[in-house]
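# Structure assessment
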Amino acid sequence: MAILIDEAKRVIVQGITGREGQARTNLMLGYGTNVVAGCTPKKGGQEVQGVPVFNTVKEADAYCRENHGGPADVSVVFVPARLVKAAAIEAIQAGVKLVVIVPDRVPVWDAIQIADAAKAHGSHFVGPNTLGIISPGKAVLGMIGGRAESAKSWFKQGNVGVISRSGGMSSSTAYYLGQVGIGLSTICHVGGDSVLGLRFPDVALMFEDDPDTEAIVIFGEIGGSQEEDLAALMKSGKVTKPVVAYIGGKAAKEGTRFSHAGAIIEGGKGTHAGKVKALTEAGATVVASFGDLPEAALKAIAGISSGSTS
Amino acid sequence: MARLHEYQAKALLAKHGFIVPRGGAASTPEKAGEIAKSLGCPVVVKIQAWTTGRKAMGGVVFADNPEKVVEESKRLLSMTVGNFPVTEVLVEELVAIEQELFVSLALDDAARAPVILLSLAGGSGIEERAGDVNRLACDPKAGPDDVQLKTLIAASSVKAELQDAVASAVRGVFEVAKTYEARSLEINPLVTTTDGRVIAADCRMTIDDYAVFRHPELGIEIARELDHPPAALERLAYDIEQADHRGTFYFAQLNTKADDGSKGLVGFHGAGGGGSMMSMDAIMSEGFTIANFTDTSGNPSAAKVYRAARIILSQPGLVGYFGSGSGVASQEQFWSAYGLAKAFWELELSIPSVIRLGGNSEDRAVDVLKDACADLPGKVEGYRKDDTPRTISQRFAALVSESSAEPWSPRAPRTPAFVGSGASFPINGGTVWIDTAGCDAYAARLAVEHSSGLLKDDGGVPVLAVSEQDAAGKDSEFIACEVELRRAGKPVVYVELDVPGLEEVLDCAVTIGGGN
């Protein structure tokens with residue numbers, strides 16, 4: 001098992017005829033993702049790498065049901081930032097239960113409205129500004145790995161879940177864990193923005209319920225409260241699997257945004273020290289240097305097999 | 001920057017039905033005096049600065065006559081708050097305050113919705129009185145719940161005849177924030193007056209950077225959060241980013257001098273938000289001070305990486321150039337290598353450089369960088385994903401300590417002699433030059449081979465194989481061609497790329513240096 005994505009889930013791609021849409025459809029198909037349809041308004045009837053294109057999500061969903069034995073489970077969105085809100089809400093209203101929003105620079109009030117629609121329809125979304133999700137050996141959503149052959153060689157299948165606020169560092173964390181022999185159930189990049197669909201605590205709860213995930217590794221960052229909220233779940237006993245974490249931005253100054261919209265310390269909140277303290281007190285292992293992460297993860301896993309929980 | 005000053009935010013509030021004190025902003029003491037005269041004294045004069053506690057730092061003064069306003073404004077306009085010089089003061093009428101309230105809106109990342117904080121107890125130390133603050137969850141479309149809001153206000157000490165006006169103000173905060181896509185909006189204090197009005201006495205507002213394009217009416221010049229006014233290079237970098245949407249380029253200047261005890265000031269070039277931050281932590285823990293934070297990622301064009309390097313190398317005093325991102329990049333890394341190699345060659349890089357290009361096509365990227373920079377006075381080394389941030393930070397420190405190079409001084413780029421005399425055609429943001437006189441059959445064949453199909457061999461001279469229109473957007477491919485030909489020892493193609501405004505900034509820096 002894995003979380004969020006596997007080889008059986010039916011996936012559609014919104015914006016499939018665009019430059020990014022085409023390139024990433026190639027990656028997803030090459031890796032083994034079950035991409036069954038795409039949508040681009042006014043491009044219905046075309047094909048992208050053998051995948052049929054429809055004008056609307058509703059049409060694509062109907063095609064899925066007729067030809068692939070069920071509804072579209074996931075939509076991956078590759079449309080320009082200013083069109084993301086309409087595209088994501090279209091998918092949510094058509095009944096798609098997981099929407100993966102890759103584009104960067106989505107206005108935050110748009111993200112709030114997407115969240116509102118998702119809540120009303122019982123859907124989840126990942127992003128905006130996510131590199132995607134990959135369950136090694138099964139399927140990939142978005143653009144993690146860039147190319148199918150890279151994704152295959154970089155990420156190993158196994159029992160550790162990775163959650164990251166950075167796209168590049170999702171790959172990096174996963175790769176270095178693989179180098180010390182740690183395989184992964186699923187890697188989820190939650191996105192770099194300040195208002196996101198699934199956040200650390202949501203994904204951690206999914207890993208908690210996943211019988212194939214034994215430990216969780218997180219790449220956190222300054223800003224926001226995702227790390228603190230995860231710590232609260234650990235303290236309350238809702239997340240019991242071992243958590244190993246690195247928090248980026250120790251050297252960051254308050255009031256300056258470091259690339260990611262969410263990576264800003266404001267009013268003394270979201271500091272590196274605050275996050276390290278919250279997670280440490282909740283029982284997580286927090287490493288000071290990114291290079292120490294694989295070793296700490298090995299120790300955490302050894303702790304499980306020897307029956308110790310500390 | 002997407003933060004609005006008090007007077008700008010108040011103008012938006014007034015447009016949406018709020019009562020704000022009469023007044024106006026001034027950037028000279030004389031203008032401040034005139035405003036005071038037209039308002040009638042007494043007045044209050046407040047520095048316009050992004051900070052709390054202006055009163056405590058002497059940034060708020062009361063004046064009984066225009067002469068005092070002029071005199072005090074002289075002092076206020078020479079103040080500095082953090083790294084920001086005060087450039088404007090706001091002169092306002094005094095209002096007869098009865099009660100001070102507080103209302104603010106923020107975006108709650110856990111709720112994924114706006115939340116309003118409301119204090120009806122009055123006072124200015126909101127942080128210390130967290131117990132008196134009520135949280136009102138907001139529906140993203142409709143705002144705060146009316147019944148909850150009215151119940152809260154009814155239970156407070158706000159006079160019955162003013163309760164509706166306070167409720168309207170709270171709803172107004174939501175409407176204004178939504179209209180202008182604010183990330184935060186705070187009115188502290190919202191006051192009730194002895195003559196029975198509800199007035200927004202102060203206001204702080206931050207607009208979402210990503211929504212600024214939908215609000216040209218706000219006149220926001222640079223939609224980025226920095227802890228200082230945008231420096232000249234930051235403005236240029238922002239313009240480059242706006243002009244080229246292939247990938248992301250982010251540049252923030254952090255230091256112009258190395259910290260005490262530091263191993264020196266470093267030009268920092270990250271890739272990817274998290275990877276950049278992690279690499280920044282790694283190089284700083286090695287004892288260096290970074291001059292800037294830069295991130296080129298999201299599959300940036302070679303042209304964008306080239307311009308980023310030019311901006312970074314416009315900072316004086318660097319002891320080295322350090323590039324590192326996540327190390328396992330999904331993007332094709334050779335584009336970054338081409339951009340860096342071109343910039344380093346043009347500027348004859350004399351300081352050591354370590355660049356980690358791990359990820360897709362890392363071998364090609366490292367080879368390109370190594371060969372193309374082999375003849376430069378500064379040592380340039382490329383690394384892959386299996387080289388950790390710590391290892392390369394240590395390697396960088398070793399190179400810097402071995403190096404006898406002077407700290408970097410920004411310079412104009414060198415150009416090959418055939419620029420101006422060879423054949424040329426325009427592309428977006430520049431010109432491609434071909435050394436027709438120096439070209440031989442072998443060079444022409446190589447040029448065609450490395451041109452991604454854009455050039456063809458016309459009797460021993462490479463010429464455009466596609467229309468100028470089709471070639472216009474291929475700046476990165478031409479940069480690749482230029483660098484490959486230099487690697488092969490046949491540099492017959494050169495891409496002259498504009499970095500708009502950079503020359504002026506460098507001239508200016510020279511003048512300042514010359515005056516010392």
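No experiment lies behind these values; they were computed from the predicted model shown. (Residues numbered from 1 in each chain as written. Chains lettered and ligands numbered in written order. Predicted model: local features only at pLDDT ≥ 70, side-chain atom pairs only at ≥ 80, totals over all residues. Heavy atoms only, no water.)

Glancing now at the packing of helix 4 (residues 146-154) of chain B against helix 5 (residues 163-180) of chain B. All names here are of chain B. One can describe the packing of helix 4 onto helix 5 by two numbers: an axis separation of 10 Å at closest approach and a directional angle of 135°. Comparing the axis directions of helix 4 and helix 5 gives the class oblique. Every pair of crossing elements has a handedness; the one defined by helix 4 and helix 5 is right-handed. Between helix 4, through D146, L149, I153 and A154, and helix 5, the contact on the second element is made entirely by Q163, V166, A167, V170 and R171. Of the residues assigned to the contact of helix 4 with helix 5, the class counts are six nonpolar, one polar and two charged. (Axes fitted to C-alpha atoms, helices over the stretch in contact; angles between N-to-C directions. Helix = DSSP H or I, 4+ residues; strand = E, 2+ residues; numbered from the N terminus. Parallel < 35°, antiparallel > 145°, perpendicular 65-115°, else oblique. Left-handed = near helix turned anticlockwise from the far one by under 90°. Contact = heavy atoms within 4.5 Å. Nonpolar A, V, L, I, M, F, W, Y, C, P; charged D, E, K, R; others polar.)

Okay, the sheet that holds strand 7 (residues 89-93) of chain B next. All names here are of chain B. Across the sheet, which stays open at both edges, the four strands sit in the order 2-7-3-4 with antiparallel pairing between neighbours. Looking at the sheet topology across the chains shown, the edges are occupied by strand 2 (23-26) and strand 4 (60-63). Averaged over all pairs of adjacent strands, the angle between strand axes in this sheet comes to 20°, irrespective of strand direction. Lying over the sheet, helix 1 (residues 6-15) contacts strand 2, strand 3 (43-47) and strand 7, oriented at roughly 50° with respect to strand 7. (Pairing = 2+ DSSP bridges.)

We now examine the packing of aromatic side chains. Residue and element names in this part refer to chain B. Evaluated as defined, the whole model comprises 18 aromatic pairs over all chains. Ring centres 6.4 Å apart and planes at 25° place the aromatic pair F268 and F322 in the stacked group. Placement of the pair is F268 in strand 16 (residues 265-271) and F322 in strand 19 (residues 318-325), with a sequence separation of 54 residues. Each member of the pair F268 and F322 is classed as buried. Ring pairing ties together the aromatic residues Y250, F268, F288, F293, F322 and F396, which thus form one cluster. The cationic tip of K342 hangs over the ring face of Y306; the distance from NZ or CZ to the ring centre is 5.2 Å. The aromatic ring of F334 is capped on one face by R364, whose charged end is 3.7 Å from the ring centroid. (Phe/Tyr/Trp six-rings, centres within 6.5 Å; stacked < 30°, edge-to-face > 60°. Buried < 20%, exposed > 50% of the residue type's maximum accessible area, 1.4 Å probe, protein only. Lys NZ or Arg CZ within 6 Å of the ring centre and 35° of its normal.)

So, about the domain arrangement of chain B. A common measure of how large an interface is: the accessible area buried when the components associate. Domain annotation of chain B identifies domain 1 (22-93), domain 2 (97-218), domain 3 (232-402) and domain 4 (423-506). Centre-to-centre separation of domain 1 of chain B and domain 2 of chain B, based on C-alpha positions: 26 Å. (Domains from an automatic or database assignment.)

Taken together, the contact between chain B and chain A spans 56 residues of the former and 64 residues of the latter. Counting each side, the surface lost to burial between chain B and chain A is near 4,800 Å², with a carbon and sulfur contribution of 53%. It is D109(B), R112(B) and Y210(B) that lose the most area in chain B upon contact with chain A, and together they represent 17% of the buried surface on that side. Counting across the chain B and chain A interface gives seven salt bridges. One can count 24 residue pairs in polar contact (both at pLDDT 80 or more) joining chain B with chain A. (Buried area = accessible area lost by both parts, 1.4 Å probe. Salt bridge = Lys/Arg side-chain N within 4 Å of Asp/Glu carboxyl O. Polar contact = N/O pair within 3.5 Å; in protein donor to acceptor, adjacent residues only side chain to side chain.)

Taken as a whole, this structure holds 47 salt bridges over all chains when the rule is applied. Residue R214(B) is joined to D110(A) by a salt bridge in which the shortest nitrogen-to-oxygen separation is 3.0 Å. Of the two residues, R214(B) is situated in the loop between strand 14 (204-207) and helix 6 (232-243) and D110(A) in helix 4 (residues 108-121); the pairing between them involves two chains. Taking the relative accessible area as the measure of exposure, D110(A) reaches 2% and is therefore buried. Put simply, E482(B) and K342(B) hold a salt bridge, and the shortest N to O gap is 2.8 Å. With E482(B) in helix 14 (residues 475-487) and K342(B) in helix 9 (residues 334-346), this residue pair connects regions lying 140 residues apart in the sequence.

What follows deals with the environment of T248(B). Residues and elements named next belong to chain B. Structurally, T248 can be placed in strand 15 (residues 248-253). Taking relative accessible area as the criterion, T248 reaches 18% and is therefore assigned buried. Expressed as a C-alpha distance, the spacing of T248 and G298, which sit 50 residues apart in the sequence, is 5.9 Å.

All right, on to the pairing of strand 2 of chain B then. All names here are of chain B. Burial along strand 2 is one-sided: G24 and A26 are buried, while G23 and A25, pointing the other way, are not. Across four bridges, strand 2 lies against strand 7 in antiparallel orientation. Each bridged residue has a counterpart across the sheet, and for G23 the counterpart in strand 7 is E92.

So, about the environment of L152(B). All names here are of chain B. Among the structural elements, L152 can be located in helix 4. Once the C-alpha coordinates of L152 and K46 are considered, the two residues, 106 residues apart in sequence, prove to be 32 Å apart. Those residues within four positions of L152 in sequence are excluded, and the remaining contacts are L118, L120, N134 and L136.

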